[in-house]
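Here are the chains, one letter per residue:
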Amino acid sequence: MKRIFATAALAALFAAPAGAAWWAENDYSFGSNGLTKESLTLFDNATGRFTAGANAGFYKDSASYKDKVFSFRAPLMYSGKSYFISLKPFLYPVNPGTRSGAGGGKLYYMSSLSESDDESYLHLILSGAWARQKAFASDGLSADQTYFSQGAAEVQVDKSFYDQFFFLASAAGFGKPSGGLDPRAVVKPVLDQSELAYLGTFRPATALPEWAMTVQAARNMKPDFDSHIYAGYSKISFRRGAMANSAIMGMKLGLNEKSTLDVAYNAYKEEGAAWKNYYKLLLQLFF
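What counts, and at which threshold
- Residues numbered from 1 in each chain as written.
- Predicted model: local features only at pLDDT ≥ 70, side-chain atom pairs only at ≥ 80, totals over all residues.
- Heavy atoms only, no water.
- Helix = DSSP H or I, 4+ residues; strand = E, 2+ residues; numbered from the N terminus.
- Rg over C-alpha atoms; globule rule 2.2 N^0.38 Å.
- Buried < 20%, exposed > 50% of the residue type's maximum accessible area, 1.4 Å probe, protein only.
- Contact = heavy atoms within 4.5 Å.
- Lys, Arg positive; Asp, Glu negative; His and termini not counted.
- Charge placed at Lys NZ, Arg CZ, Asp CG, Glu CD.
- Core = buried A, V, L, I, M, F, W, Y, C linked by side-chain atoms within 4.5 Å.
- Polar contact = N/O pair within 3.5 Å; in protein donor to acceptor, adjacent residues only side chain to side chain.
- Phe/Tyr/Trp six-rings, centres within 6.5 Å; stacked < 30°, edge-to-face > 60°.
- Lys NZ or Arg CZ within 6 Å of the ring centre and 35° of its normal.
- Pairing = 2+ DSSP bridges.
- 1 Å grid on protein atoms, 1.4 Å probe; cavity = no way out; pocket = protein on both sides within 12 Å on 5 of 7 lines; lining within 4 Å.
- Points joined across faces, edges and corners; volume = space filled by probe spheres on them.
- Nonpolar A, V, L, I, M, F, W, Y, C, P; charged D, E, K, R; others polar.
- Salt bridge = Lys/Arg side-chain N within 4 Å of Asp/Glu carboxyl O.

Chemist: I would appreciate a short explanation of the overall build of the protein chain in the present structure.
Modeler: When you go through the protein chain residue by residue, the secondary structure sums to one helix and 16 strands. A globule of 287 residues ought to have a C-alpha radius of gyration of about 19 Å, and the protein chain, at 19 Å, matches this closely. Per-residue burial for the protein chain yields a buried fraction of 46% across its 287 residues. Put simply, 52% of the contacts in the protein chain that link residues at least 6 apart link residues at least 24 apart. Both charge centroids of the protein chain, one from 29 positive and one from 25 negative side chains, sit 6 Å from each other.

Structural data, given as structure tokens:
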């Protein structure tokens, strides 16, 4: 199974050169409001079907999150003959600046509905995620520390034609926070909601979403060039604040047999606000 619209780890797993037992990824994003977001991941595929990883990252900006918000993940993946399963626990230790933190996990399942000799395929992807956050809730006069839980479910359909053209449609729904908490009262939560479902944006989305919908398309430039070009659009509805529009375009380049570089641009706009601009560099090194 080969996918373009995968998590970076899954895409790398199917694109890894023969004999590559492990690889590293450096994911770096920057842009409007002084955003800096970076993570480093190491993956080990020594057993063939099982892949384990360890990830550490942070984000910060010049507005609400001036102190670095650190996060850690431990993805575990299993590749079957016609299916793929991954489990990704994550942890956001309590941040000294916001005094907020979070922890949870995401379960991801991909099944092949059809595969053909011309490398066309149709995949169905289902995922579910859960998180518990520690943050502050404000009644407008004061703020008290509170704990609340969240859940999310996502369905995706991924279609390839002749290993040249790729299309993806995705829809995700996010449950209300537990305990009857008013989402409008939550102050500076640190969890990036992209941990729970795909939102199609490079910036951390810490506001609580209600739903998100995404469409993407990609073109394989092989055999003329070892690269893929892709573009996507997402619509995100938040429980607090205006809806957001996010558009991504980028190119993944094969630098050599053991490295790839993904260069992308993200335009993000909340309704009634100005456009924000973000950029991403994702380097993969296979060993």
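Chemist: Where do I start with the nonpolar core in this structure?
Modeler: In globular proteins that are soluble, nonpolar side chains generally tend to be buried together. Counting residues in hydrophobic clusters, the biggest one holds 31 residues, and the most contacted among them are Tyr-92, Phe-174, Leu-191, Leu-196 and Ile-236. Of all the secondary structure elements, the ones that give two or more residues to this core are strand E6 (83-92), strand E8 (121-138), strand E10 (165-174), strand E12 (209-220), strand E13 (227-238), strand E14 (244-256) and strand E15 (259-270). What Leu-191 contacts, discounting residues up to four positions off in sequence, is Phe-90, Tyr-92, Ala-102, Ala-131, Gln-133, Gln-150, Leu-196, Ala-205 and Thr-206.

Chemist: Before we go on, may I ask you to explain the side chain of Gln-150 in this structure?
Modeler: Considering the arrangement of structural elements, one finds Gln-150 in strand E9 (residues 143-161). The exposure class assigned to Gln-150 is buried, which follows from its relative accessible area of 4%. Side chain to side chain, Gln-150 and Gln-133 meet in a polar contact 2.8 Å long. Apart from the residues within four sequence positions on either side, Gln-150 is in contact with Ala-129, Trp-130, Ala-131, Gln-133, Leu-191, Gln-193, Leu-196 and Leu-208.

Chemist: It is not clear to me how the packing of aromatic side chains should be interpreted in this structure. Could you clarify?
Modeler: What characterises a pair of aromatic rings is the spacing of the ring centres plus the angle enclosed by the ring planes. Enumeration over the complete set of coordinates arrives at 15 aromatic pairs. Ring geometry for Tyr-59 and Tyr-65: centres 5.7 Å apart, planes at 65 degrees, overall edge-to-face. Taken as a pair, Tyr-59 and Tyr-65 share a single burial class, namely buried. Through successive ring pairs, a cluster of aromatic residues spans Tyr-28, Phe-30, Tyr-265 and Tyr-279. The cationic tip of Lys-68 hangs over the ring face of Phe-58; the distance from NZ or CZ to the ring centre is 4.4 Å.

Chemist: Looking at this model, I keep getting lost on the pairing of strand E2 (residues 35-44). Mind explaining?
Modeler: When a strand is regular, its side chains alternate between the sheet's two faces. The pairing of strand E1 (residues 22-31) with E2 spans ten bridges and is antiparallel. Within the sheet, the bridge partner assigned to Glu-25 lies in E2 and is Thr-41. Counted between consecutive antiparallel strands, the loop separating E1 from E2 contains three residues, among which Asn-33 sits at a positive phi close to 60 degrees. Both E2 and strand E3 (residues 50-60) contribute to a ladder of nine bridges, which runs antiparallel. Note on E3: the bridge partner recorded for Asp-44 is Ala-52.

Chemist: Which parts of the structure should I look at to understand the pairing of strand E7 (residues 101-115)?
Modeler: For E6 and E7, the ladder comprises ten bridges, and the chain directions are antiparallel. Looking at the pairing, Leu-91 lines up with Gly-103 of E7. Sheet analysis places E7 next to E8, joined by 14 bridges and oriented antiparallel. Of the residues in E8, the one forming a bridge with Met-110 is Ile-125. The hairpin turn running from E7 into E8, its antiparallel successor, is five residues long, and Glu-119 in that turn takes a positive phi close to 70 degrees.

Chemist: Whenever I open this one, unusual backbone geometry confuses me. Can you help?
Modeler: Among all residues except glycine, the phi angle is most often negative; among peptide bonds, the trans geometry is most common. For the peptide bond that leads from Lys-222 to Pro-223, omega is 5 degrees, which places it in the cis range. Structurally, Pro-223 is set in the loop between E12 and E13. Here the phi dihedral of Asn-33 falls at roughly 60 degrees; this positive angle occurs in a residue that is not glycine. Among the secondary structure elements, Asn-33 is positioned in the loop between E1 and E2. On the accessibility criterion, Asn-33 (37% relative accessible area) is partly exposed. The phi angle at Arg-99 is positive, at roughly 55 degrees, despite the residue not being glycine. By secondary structure assignment, the location of Arg-99 is in the loop between E6 and E7.

Chemist: Help me out: how do you make sense of the layout of surface pockets in this one?
Modeler: The computed volume of the second largest pocket comes to approximately 660 Å³. Taken together, 27 residues line the second largest pocket, and the ones lying closest to its centre are Ser-64, Tyr-65, Arg-203, Thr-206 and Ala-207. Within the residue set of the lining of the second largest pocket, elements represented by two or more residues are strand E11 (186-187), E15 and strand E16 (276-286). Across the lining of the second largest pocket, the residue classes tally to 16 nonpolar, five polar and six charged.

Chemist: Sorry, what's going on with the pattern of salt bridges here?
Modeler: For the coordinates displayed, the defined rule picks out seven salt bridges. Where Asp-192 meets Lys-37, a salt bridge forms, and the shortest distance between an N and an O atom there is 3.3 Å. In this pair, Asp-192 sits in the loop between E11 and E12 while Lys-37 sits in strand E2, placing the two residues 155 residues apart along the sequence. A relative accessible area of 5% places Asp-192 in the buried class. Lys-37 sits in the partly exposed class, given a relative accessible area of 24%. Notably, a salt bridge pairs Arg-73 with Glu-195, separated by 2.7 Å at the nearest N-O pair. Highlighted residues: Arg-73 in strand E4 (residues 69-73) and Glu-195 in the loop between E11 and E12, separated in sequence by 122 residues. According to the relative accessible area criterion, Glu-195 is buried, its value standing at 5%. In this structure, a network of salt bridges that share partners links the residues Arg-73, Lys-88 and Glu-195.

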